[in-house]
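What the coordinates show
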Amino acid sequence: MVNLSQLMENEVFMAFASYTTIVLSKMMFMSTATAFYRLTRKVFANPEDCAGFGKGENAKKYLRTDDRVERVRRAHLNDLENIVPFLGIGLLYSLSGPDLSTAILHFRLFVGARIYHTIAYLTPLPQPNRALAFFIGYGVTLSMAYRLLKSKLYL
Amino acid sequence: MVNLSQLMENEVFMAFASYTTIVLSKMMFMSTATAFYRLTRKVFANPEDCAGFGKGENAKKYLRTDDRVERVRRAHLNDLENIVPFLGIGLLYSLSGPDLSTAILHFRLFVGARIYHTIAYLTPLPQPNRALAFFIGYGVTLSMAYRLLKSKLYL
Amino acid sequence: MVNLSQLMENEVFMAFASYTTIVLSKMMFMSTATAFYRLTRKVFANPEDCAGFGKGENAKKYLRTDDRVERVRRAHLNDLENIVPFLGIGLLYSLSGPDLSTAILHFRLFVGARIYHTIAYLTPLPQPNRALAFFIGYGVTLSMAYRLLKSKLYL
């Protein structure tokens, strides 16, 4: 019988679970950051969102875009575009029986790179800070994909 | 030997599979909604999409944006931003051996909140309907992340 | 004891892992394509990205949008919107004990359709090439969702 708690006794899988939960929670923080800037700067995308700030034409002036809000949204979308492949490839990689220390190195680099990417995007830090953070995360995911396909290709 | 069908005999995992499939199918419906509004309102993003509605300059007038289409697209992106963390954290949470009734409560609340979010976004209902739906889904995912990290943290 | 390497000896799961890794790697390629067009066409979204091309007002002229870049970004977002449901539903479907040849047919059709979708979007090919590719991928995911819910519904 499969005892699921034993799947969670696998160290690589537990490490994947921990790092994934952290990086996904960080991504969820971007929603809060967007909401924070929308409310403090009164910048909204939907008429019903600014109904509390005035009636009719007076409210419509808050339907606009703002550099700061757009920046957070771009950072959020970039997170989605990079964390989704990590989620899928990382899960399958974790199940493919990799070496524990190699796997943890991959996970740590990825999570560190994505946190640094967010800091570099939101501060903003001069390039190539953000580009570097992006490429480290990208490279980690490709490295896991390569190891997975090399050992387990089945088409 | 791992008999995979036994993984699917785990009740928490089966419940996660069912609710996830429902919420992902709901998200896929947003693509259909976007296509529906694009075709009925003749609002396109690509020149090749409106070639059937006229030639040359006549077709270019359909390359525009429309409030209704943009609203569906924002709802779709919000789904992506929230369902991706649910997918990752929920899967790992389901494997971490949670209490069945607690787990099902989490899944039901999340799926209900996301369906209500879509209704509130597309109708549109006045705020705070949509904000409330958003925060319930957000809170459920954070609650699963907290329980997962509390019981299985491995860094 | 669960021996994880045995999960990877399940042929359906190995096939899912291989096709998923390929389609996610393809999706990651879209980031590179965006970066390529941004750099060769000097079209940027952030002031810090074009600092290397000039100072002050001279750099600001590169903060613009470009048809080609926007096209790649739309293709990338469409990938996200379709590959995320495939990832979640496909994983659960793979674990639900489907027939091997049926499962592989689903995976091959999906991956082929998404690769063709990208080619049709970036070339661009006249419609209905892209629409057809979209609907094949969409139909494959719905078919897996249907089979999963039919055999394993637990609410």
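That block above? That's the structure.
Residues numbered from 1 in each chain as written. Chains lettered and ligands numbered in written order. Predicted model: local features only at pLDDT ≥ 70, side-chain atom pairs only at ≥ 80, totals over all residues. Heavy atoms only, no water.

Quick look at the nonpolar core
Ranked by size, the top nonpolar core spans 87 residues in total, and within it A:Phe107, B:Phe107 and C:Phe107 carry the most contacts. In contact with A:Phe107, other than residues within four places in its own chain, are A:Val12, A:Ala15, A:Phe16, A:Tyr19, A:Phe86, A:Tyr93, A:Ser94 and A:Met144. (Core = buried A, V, L, I, M, F, W, Y, C linked by side-chain atoms within 4.5 Å. Buried < 20%, exposed > 50% of the residue type's maximum accessible area, 1.4 Å probe, protein only. Contact = heavy atoms within 4.5 Å.)

Points about the pattern of salt bridges
In this structure the tally under the stated criterion is 18 salt bridges over all chains. Two residues, A:Arg71 and C:Glu48, come together in a salt bridge whose shortest N-O distance is 2.8 Å. In this pair, A:Arg71 sits in helix H4 (residues 67–95) while C:Glu48 sits in the loop between helix H2 (11–41) and helix H3 (57–60), so the two residues belong to two different chains. Overall, A:Arg71 belongs to the buried group, its relative accessible area being 8%. A salt bridge links A:Asp79 to A:Arg114; its shortest N-O distance comes to 3.0 Å. With A:Asp79 in helix H4 and A:Arg114 in helix H5 (residues 100–122), this residue pair connects regions lying 35 residues apart in the sequence. Connected via shared salt-bridge partners are A:Lys26, A:Asp79 and A:Arg114. (Salt bridge = Lys/Arg side-chain N within 4 Å of Asp/Glu carboxyl O. Helix = DSSP H or I, 4+ residues; strand = E, 2+ residues; numbered from the N terminus.)

Quick notes on the relation of the copies chain A and chain C
Of the two same-sequence chains, chain A is brought onto chain C (RMSD 0.0 Å, axial shift 0.0 Å) by a rotation of 120 degrees. Viewed as a symmetry operation, the transformation between the two copies matches a three-fold axis. Here only 17% of the contact residues of chain A are again contact residues in chain C; the copies associate through non-equivalent surfaces. (Least-squares fit on C-alpha atoms with pLDDT ≥ 70 in both.)

Remarks on the environment of A:Arg114
Accessibility expressed as a relative area gives 0% for A:Arg114, which makes it buried. For the pair A:Arg114 and A:Leu91, spaced 23 residues apart in sequence, the C-alpha to C-alpha distance is 17 Å.

Side note on the relation of the copies chain B and chain A
Superposition of chain B onto chain A requires a rotation of 120 degrees combined with a translation of 0.0 Å along the rotation axis, giving an RMSD of 0.0 Å. In this assembly, only 17% of the residues forming the interface of chain B have copies in chain A that are likewise at the interface, indicating a heterologous arrangement.

As for the packing of helix H6 (residues 129–152) of chain A against H2(C)
Two numbers describe a pair of packed helices, the interaxial angle and the distance between the axes. H2(C) packs onto H6(A) with a crossing angle of 150 degrees between their chain directions and a minimal axis gap of 10 Å. By the angle class used here, H6(A) and H2(C) are roughly antiparallel. Crossing hand, H6(A) versus H2(C): left-handed. Residues A:Phe134, A:Tyr138, A:Thr141, A:Leu142, A:Ala145, A:Leu148, A:Leu149 and A:Lys152 of H6(A) form the contact with H2(C), whose participating residues are C:Met14, C:Ser18, C:Thr21, C:Ile22, C:Ser25, C:Met28, C:Phe29, C:Ser31 and C:Thr32. Its residues placed into classes, the contact of H6(A) with H2(C) shows 10 nonpolar, six polar and one charged. (Axes fitted to C-alpha atoms, helices over the stretch in contact; angles between N-to-C directions. Parallel < 35°, antiparallel > 145°, perpendicular 65-115°, else oblique. Left-handed = near helix turned anticlockwise from the far one by under 90°. Nonpolar A, V, L, I, M, F, W, Y, C, P; charged D, E, K, R; others polar.)

Let's talk about the interface of chain B and chain A
Listed as interface residues are 35 residues of chain B and, on the opposing side, 38 residues of chain A. In this assembly, chain B packs against chain A so that about 3,100 Å² is buried in total across both faces, 70% of it on carbon and sulfur atoms. If you look at where chain B meets chain A, you find two salt bridges. In this structure, the connection of chain B to chain A is made through seven residue pairs in polar contact (both at pLDDT 80 or more). If you list the elements that add at least two residues to the side of chain B that touches chain A, you get helix H1 (4–7), helix H4 (67–95) and helix H6 (129–152) of chain B. With 13 residues, H4(B) is the single largest residue contributor to the side of chain B that touches chain A. The residue makeup of the side of chain B that touches chain A, split by class, is 22 nonpolar, eight polar and five charged. (Buried area = accessible area lost by both parts, 1.4 Å probe. Polar contact = N/O pair within 3.5 Å; in protein donor to acceptor, adjacent residues only side chain to side chain.)

Focus on the side chain of A:Arg38
Residues and elements named next belong to chain A. Structurally, Arg38 can be placed in helix H2 (residues 11–41). Look at Arg38: it is buried, it has no salt bridge, and the nearest opposite charge is Glu70 at 5.0 Å. Dropping the residues within four chain positions of it, Arg38 is found in contact with Val43, Phe44, Ala45, Val69 and Arg73. (Lys, Arg positive; Asp, Glu negative; His and termini not counted.)

Some details on the packing of H2(A) against H4(A)
All names here are of chain A. One way to put it is that H2 packs onto H4 with a least axis distance of 10 Å and a crossing angle of 165 degrees. When the axes of H2 and H4 are compared, the pair comes out roughly antiparallel. As for how H2 packs across H4, the hand of that crossing is left-handed. Along the lines of polarity and charge, the residues of the contact of H2 with H4 split into 18 nonpolar, six polar and six charged.

Let's talk about helix H2 (residues 11–41) of chain B
Residue pairs spaced three or four apart in an α-helix point in one direction, given the helix's 3.6 residues per turn. A rise of 1.5 Å per residue sets the reference length of H2(B), with its 31 residues, at 45 Å; its end C-alpha atoms lie 45 Å apart and thus fit the reference within 8%. Capping the start of H2(B) is the job of one residue whose side-chain oxygen sits 3.1 Å from the backbone nitrogen of B:Val12: B:Asn10. (Expected span 1.5 Å × (residues − 1).)

Overview of the interface of chain A and chain C
Listed as interface residues are 35 residues of chain A and, on the opposing side, 38 residues of chain C. On inspection of chain A and its partner chain C, the count reaches two salt bridges. Broken down by secondary-structure element, the contributors of at least two residues to the side of chain A that touches chain C are helix H1 (4–7), H4 and H6 of chain A. Looking at the side of chain A that touches chain C element by element, the count peaks at 13 residues for H4(A). Taken together, the residues of the side of chain A that touches chain C break down into 22 nonpolar, eight polar and five charged.

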